[in-house]
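Examining the three-dimensional arrangement
Listed here are the chains, written in short residue letters.
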Amino acid sequence: WKTLKFGHVPFTSVTLEYEPAPHPDDINWDNMHLPRWRSELLFWFFTLMLAVVMMVIVTPINVPQVIMRLEWLISGGEPQDDKDSDIDSFAKHFSSLLLLLINRSLLPFPIQWVAIAGRFRRKTEEEIRQMHLNFWLLVVNTW
């Protein structure tokens, strides 16, 4: 925000705050009639729905791998030699590969749909929301 002060009496105590207008190509003109609270409500509703769906998909994939590693740490296991066959190695890392596939190939499309469903007034705001949602879901899924 920038401010503009008027220097002539009786307007010396008046301060006007302003910001530059966004570029016309950055504005979603179809969404200008919607109130801001509705955009926020739609975005957070669909974000919550996507988070629940991703937790339902990711938890059965991720939890057994975490439990196996915790049991190995609790039992005081030593690092194993890499003498496993390729099939055993693939089986051990299948859940990680599946999470990578989900995060890389499947997750970006629902994230884009959620950002579009929010019906924001500016395209840059939609892109920023999409970037943040992508980051947080990737962090939560790989945790």
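Here, the structure is the one placed above.
In this report, we go over the structure that sits alongside the text. (Residues numbered from 1 in each chain as written. Predicted model: local features only at pLDDT ≥ 70, side-chain atom pairs only at ≥ 80, totals over all residues. Heavy atoms only, no water.)

**Re the overall build of the protein chain**
When you go through the protein chain residue by residue, the secondary structure sums to five helices and two strands. Ordered by position from N to C terminus, the α and β elements of the protein chain give β-β-α-α-α-α-α. Taken across its 143 residues, the protein chain has 22% of its residues classed as buried. Here the contacts in the protein chain between residues at least 6 apart in sequence split such that 69% fall between residues at least 24 apart. Carbon and sulfur atoms form 68% of the exposed surface of the protein chain, whose accessible area is close to 11,200 Å². (Helix = DSSP H or I, 4+ residues; strand = E, 2+ residues; numbered from the N terminus. Buried < 20%, exposed > 50% of the residue type's maximum accessible area, 1.4 Å probe, protein only. Contact = heavy atoms within 4.5 Å. Areas by Shrake-Rupley, 256 points an atom, 1.4 Å probe, with all protein chains shown as cover.)

**A few points about the nonpolar core**
Ranked by internal contacts, the top residues of the largest apolar core, which has 13 residues, are Leu50, Met54, Ile111, Leu133 and Leu137. Looking at this core, the elements that each hand over two or more residues are helix 1 (36–74), helix 3 (94–106), helix 4 (108–117) and helix 5 (123–142). For this core, the element with the highest residue contribution is helix 1, accounting for five residues. When near neighbours in sequence (up to four residues on either side) are disregarded, Leu50 contacts Pro110, Ile111, Val114, Leu133 and Leu137. (Core = buried A, V, L, I, M, F, W, Y, C linked by side-chain atoms within 4.5 Å.)

**As for helix 3**
Each α-helix winds once per 3.6 residues, and so residues spaced three or four apart point in a common direction. With 13 residues, helix 3 ought to run about 18 Å at 1.5 Å a step, and its terminal C-alpha atoms sit 17 Å apart, in line with that. All of the buried residues in helix 3 are Ser95, Leu99, Ile102 and Asn103. The arc enclosing the buried residues of helix 3, seen along the axis, measures out at 90°, which places them on a common side. In helix 3, the exposed positions that point more than 90 degrees away from the buried face belong to Leu100 and Arg104. Packed against the buried residues of helix 3 are helix 1, helix 4 and helix 5. (Expected span 1.5 Å × (residues − 1). Arc of directions from axis to C-beta.)

**Description of the side chain of Asn28**
Note that Asn28 resides in the loop between strand 2 (15–18) and helix 1. Asn28 sits in the buried class, given a relative accessible area of 14%. Leave out the neighbours within four places in its chain, and Asn28 touches Phe120, Arg121, Arg122, Lys123 and Glu126.

**Some words on the pattern of salt bridges**
Scanning all chains against the criterion turns up five salt bridges. In this structure, Glu40 and Arg129 form a salt bridge, with 2.5 Å as the shortest nitrogen-oxygen distance. Taken as a pair, Glu40 in helix 1 and Arg129 in helix 5 lie far apart in primary sequence, 89 residues in all. Of the two residues examined, Glu40 and Arg129, each falls in the buried class. A salt bridge links Arg129 to Glu125, with the nearest nitrogen and oxygen atoms 3.8 Å apart. With Arg129 and Glu125 both in helix 5, this residue pair falls four residues apart, about one helical turn. When sorted by exposure, Arg129 lands in the same class as Glu125, which is buried. Overlapping salt bridges bring together Arg36, Glu40, Glu125 and Arg129 as one network. (Salt bridge = Lys/Arg side-chain N within 4 Å of Asp/Glu carboxyl O.)

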